[in-house]
Amino acid sequence: MQAEAPLLEVFNLSIRIGDGDRNLVDDVSFSVAAGETLCIVGESGCGKSLTALALMGLLATPPVRITSGSVVFNGRDLLTLSQNELSELRGDGIAMIFQEPMTALNPAFTIGDQIAEAVIRHRKVDKAKARERALDMLERVGIPAAETRLAAYPHQLSGGMRQRAMIAMALANDPVLLIADEPTTALDVTIQAQVLQLIRDLQKDSGTGLVLITHDLGVVAEIADKVAVMYAGRIVESAPVAALFEDPQHPYTIGLIGSLPGLEAGGRGQRLATIPGLVPTPERMPSGCRFADRCPFATDICAQTPPLRALGPDHEVACHHAPLEDAPRHDAVREGAAA
Amino acid sequence: MNEPLADTPVIEAINLRKHFVTKRPLFGPPTIVRAVDGVDLRIARGETFSIVGESGCGKSTLARLLIRLLDPTEGSVVYEGRDIAALPSAEMRGLRRDLQFVFQDPFSSLNPRMTVGALIEEPMRSHGIGTPDERRGEVSRLLRRVGLRPEFADRYPHEFSGGQRQRIGIARALATGPKVLIGDEPVSALDVSVQAQVINLLEDLKEEFGLTLVVIAHDLAVVRHMSDRVGVMYLGEMVEVGPAEAFFQQPLHPYSRALLAAIPAPDPSRRHNLAPPLVGDIPNPTAPPPGCRFHTRCPFADARCKAERPALRPAGEGRQVACHYFETLPASAGLPPPPVRAPHVERRFALYRALRAQEIPQGAPKGTPSRAIAPQSEQTSRGDQS
């Protein structure tokens, strides 16, 4: 994956709301290559969806504004493009899948019309050709009786079908980059499995780069090549997926993985490791390390913002104390834990 | 009522049905959703019983029937030997002290115009428990117990996060000193780290107050962590019931297998083909398929499954399965064991847990719980509280 030139590169992206003095997304950088899947994972309010919207130029500005950074796609900085240029790109080179297909699809038009519209918008084709393409896409995403579903309105489809229809629409113009914001969160687990497998298969066929935003570490483990963990607007750890699960370094990542039922030996009866406290609100974003007030390892140095530093191949962590098992001040505890 | 027999169920559902009429046209038959369609269930004292299934399977309806938030169309619910489905509403109100409910959405289940203190006090007041002073003390104690500060009693629900509101909901449910707590997706609206806090809290409270927990959930990892026994529902029917451990090691019903296979494993080394041998969606509950309701999606279905409805029958080790062929199906792989971590990573996790354990807990220290204040009238009738 190293050899591939990145499809999308985000440099030092910072986003603010109104005239707040703290960034809601702070100095975030990442890249995605063709055929690669990057998962951005974090809890509510960590800034992952803001980041996704910024990539597509879909932020409500004002009140939200991008204060610094660049988003380079195919050699062009998307943040400098006009709305018209962005419209050309959206749905063609870059496509997006949203969490709730019912609100993302237009209830007044049939599925077939909506997919065909996306095709006509970007390709010089007539209506019949576009309709053909729509049918083709519905079949590709595994919608049964696709021919009749072309004439269906969104409310006539089940949640899983709607999400498939939206994927069909997103992929209708063979985008090279797909951004998916919690694409399976609203779905039942068996339908989620079908949709994830579908995304995986389509990606394998087309070599599309994928940025997937999720809060679900299970989804991350199933689909990611690399992962960026976000907390309170910052990337606190980024790593290849295997390294993140086998060798998590940031205390927040450790807390997240420890919170997952079913991952700790002992299973039933074992208390889950938790992260006490709450995610800071935008008005009360702490200075320095934003996780410090919830972190059991925090010391005075955590009043300074920790930079991301490499602890392994492609594995970066923003923590002063990583690797934690070698942090000197915890000798006593460490012996206690080992005993 | 000391030391009741372990096998007497606290709640027993017998042939329970709930049908909703969704459309009543001028001509022709009404459209009926059979949300719960003939469920038999015994929930043992002190256990955690989880009901799992996908949206529309009837699990939430079943939960509401169990404590009569809904009246059944047919069948009965027996609580401590009494059929509560047939109880006059005045008597039922008294029983509600024992049977409490925690709702999924802490944003819509708390009255926004009441303070947190009033919300928690309300169930005690309506059951005539304690004097106003005693009740106020109990509110503080409950708030502390669920990990919130007593001074939060004067605030309003909108001032709290999802996890805190769920704690308020739990404190409210505990206020009458219930014996059975039913949670309808009590943690599914919460972020994982907050979810873990609430799961830990529910487990502690269960132990402390000797509760029987009935949990409705769709997240099987949560269910596996919390449950003693599991029941799987599909289209209004119970298709498999059994001890959690055996269930997760080897699910028997084809639907249970598909459910487990579809769980994304939080471990990249176990990445698997996620396309389960399960096609399509859940059929429309107004027109469930004949025979076995699962046959339209089942990879093992044959002619018999299309014609004959399988009954829930014993499968050994306290398990029950509703499938004609479960004995002869190929063995299924359940959920794999948790991954083994490298020693230095395990040390890191141990260190994290050790440091967390040293922190001053948010709530009150664990100790002998003073059980809810005795009611003004029937002080002697609840001798099993200790």
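What you see is a predicted model; the values in this text were computed from it and never measured. (Residues numbered from 1 in each chain as written. Chains lettered and ligands numbered in written order. Predicted model: local features only at pLDDT ≥ 70, side-chain atom pairs only at ≥ 80, totals over all residues.)

S.K.: Even after reading the chapter, I still don't get the overall build of chain A, so can you show me in this structure?
M.R.: When its secondary structure is counted, chain A shows 12 helices and 12 strands. At 21 Å, chain A has a C-alpha radius of gyration in line with the 20 Å of a compact globule built from 339 residues. Each principal axis of the C-alpha atoms in chain A carries an extent, and together these give about 75 × 45 × 40 Å. Counting over 339 residues, chain A shows a buried share of 50%. (Helix = DSSP H or I, 4+ residues; strand = E, 2+ residues; numbered from the N terminus. Rg over C-alpha atoms; globule rule 2.2 N^0.38 Å. Buried ≥ 20, exposed ≤ 12 C-beta atoms within 10 Å, placed from the backbone.)

S.K.: I would appreciate a short explanation of helix H1 (residues 59-66) of chain B in the present structure.
M.R.: Because the α-helix completes a turn every 3.6 residues, residues three or four places apart line up on one side. Residues and elements named next belong to chain B. Among the 8 residues that make up H1, 8 are buried, leaving the element largely enclosed by the rest of the structure. When we look at burial in H1, the residues that qualify are Lys59, Ser60, Thr61, Leu62, Ala63, Arg64, Leu65 and Leu66. The positive-phi residue at the C-terminal boundary of H1 is Arg68, with phi of around 55°.

S.K.: So what exactly am I meant to see when it comes to the packing of helix H3 (residues 116-126) of chain B against helix H4 (residues 132-145) of chain B here?
M.R.: What describes two packed helices is the angle between their axes and the distance between those same axes. Residue and element names in this part refer to chain B. The N-to-C vectors of H3 and H4 enclose an angle of 125°; their axes lie 9 Å apart at closest approach. Our classification of the angle between H3 and H4 gives oblique. In this structure, H3 crosses over H4, and the sense of that crossing is right-handed. The segment H3 lies against H4, with Gly117, Ile120, Glu121, Met124 and Arg125 engaging Arg135, Glu138, Val139 and Leu142. Tallied by class, residues from the contact of H3 with H4 come to 4 nonpolar, 1 polar and 4 charged. (Axes fitted to C-alpha atoms, helices over the stretch in contact; angles between N-to-C directions. Parallel < 35°, antiparallel > 145°, perpendicular 65-115°, else oblique. Left-handed = near helix turned anticlockwise from the far one by under 90°. Contact = placed C-beta atoms within 7 Å. Nonpolar A, V, L, I, M, F, W, Y, C, P; charged D, E, K, R; others polar.)

S.K.: Is there a simple way to think about the domain arrangement of chain A in this case?
M.R.: How big an interface is tends to be reported as the loss of accessible area on association of its parts. Residues and elements named next belong to chain A. Once the domains are mapped, chain A shows domain 1 (6-224) and domain 2 (234-338). If you average the C-alpha positions of domain 1 and of domain 2, the two centres end up 30 Å apart. Of the residues lining the interface, 16 residues belong to domain 1; the matching set on domain 2 comes to 11 residues. Elements supplying a minimum of two residues to the side of domain 1 that touches domain 2: strand E2 (25-33) and helix H9 (217-223). (Domains from an automatic or database assignment.)

S.K.: Help me out: how do you make sense of the interface of chain B and chain A in this one?
M.R.: Taken together, the 50 residues of chain B in the interface contact 56 residues of chain A. Mapped onto the side of chain B that touches chain A, the elements with two or more residues apiece are helix H6 (192-209), helix H7 (220-226), helix H9 (254-261) and helix H11 (343-358) of chain B. For the side of chain B that touches chain A, the leading source of residues is H11(B), giving 12 residues. Tallied by class, the residues present in the side of chain B that touches chain A amount to 26 nonpolar, 13 polar and 11 charged.

S.K.: Sorry if this is basic, but what is going on with the environment of Asp201(A) here?
M.R.: Residue and element names in this part refer to chain A. Here Asp201 lies in helix H8 (residues 189-206). Take Asp201: there are 14 C-beta atoms within 10 Å of it, and that puts it in the partly exposed class. Separated by 64 residues in the primary sequence, Asp201 and Met137 have C-alpha atoms spaced 14 Å apart.

S.K.: I keep staring at the sheet that holds strand E7 (residues 180-184) of chain B and nothing clicks. Help me out?
M.R.: Paired through backbone hydrogen bonds, the strands of a sheet run either parallel or antiparallel to each other. All names here are of chain B. Within the open sheet, the 8 strands sit side by side as E6-E7-E8-E3-E9-E10-E12-E11. Their pairing is mixed. Each of the sheet's edge strands pairs with one partner strand only, and the pair in question is strand E6 (99-102) and strand E11 (313-314). Sheet contacts for helix H5 (residues 162-174): E6 and E7; angle to E6, the most-contacted strand, approximately 175°. Sheet contacts for H9: strand E9 (229-234) and strand E10 (237-243); angle to E9, the most-contacted strand, approximately 105°. (Pairing = 2+ DSSP bridges.)

S.K.: Any chance you could explain the nonpolar core here in plain terms?
M.R.: Residues Ile115(A), Ala168(A), Val220(A), Val227(A) and Leu66(B) are the most contacted members of the largest nonpolar core, which totals 206 residues. Residue contributions to this core reach at least three from each of two domains, namely domain 1 (6-224) and domain 2 (234-338) of chain A. Excluding its chain neighbours within four sequence positions, the residues that come into contact with Leu66(B) are Ile11(B), Ala13(B), Val77(B), Ile182(B) and Val214(B). (Core = buried A, V, L, I, M, F, W, Y, C linked by C-beta atoms within 7 Å.)

S.K.: Can you help me understand the sheet that holds strand E4 (residues 74-79) of chain B in this one?
M.R.: Residue and element names in this part refer to chain B. Spatial strand order, E2-E1-E4-E5: 4 strands in an open sheet with antiparallel pairing. Looking at strand neighbours, the two that pair on one side only are strand E2 (31-44) and strand E5 (82-83), the edges of this open sheet. Examined bridge by bridge, strand E1 (residues 9-23) and E2 share 11 bridges and lie antiparallel to one another. The partner of Ile11 across the bridge, within E2, is Ile43.

S.K.: Help me understand unusual backbone geometry, please; the structure alone is not making it clear to me.
M.R.: With glycine set apart, most residues show a phi of negative sign, and most peptide bonds adopt trans. Residues and elements named next belong to chain A. That bond from Ala322 to Pro323 is cis: its omega, -5°, falls within 30 degrees of zero. Here Pro323 is to be found in the loop between strand E12 (315-317) and helix H12 (331-338). Even without being glycine, Asn74 reaches a positive phi, approximately 55°. Position of Asn74 among the secondary structure elements: in the loop between strand E4 (64-73) and strand E5 (76-77). A positive phi angle, near 50°, is found at Glu182, a position not held by glycine. Mapping Glu182 onto the fold places it in the loop between strand E7 (177-181) and H8.

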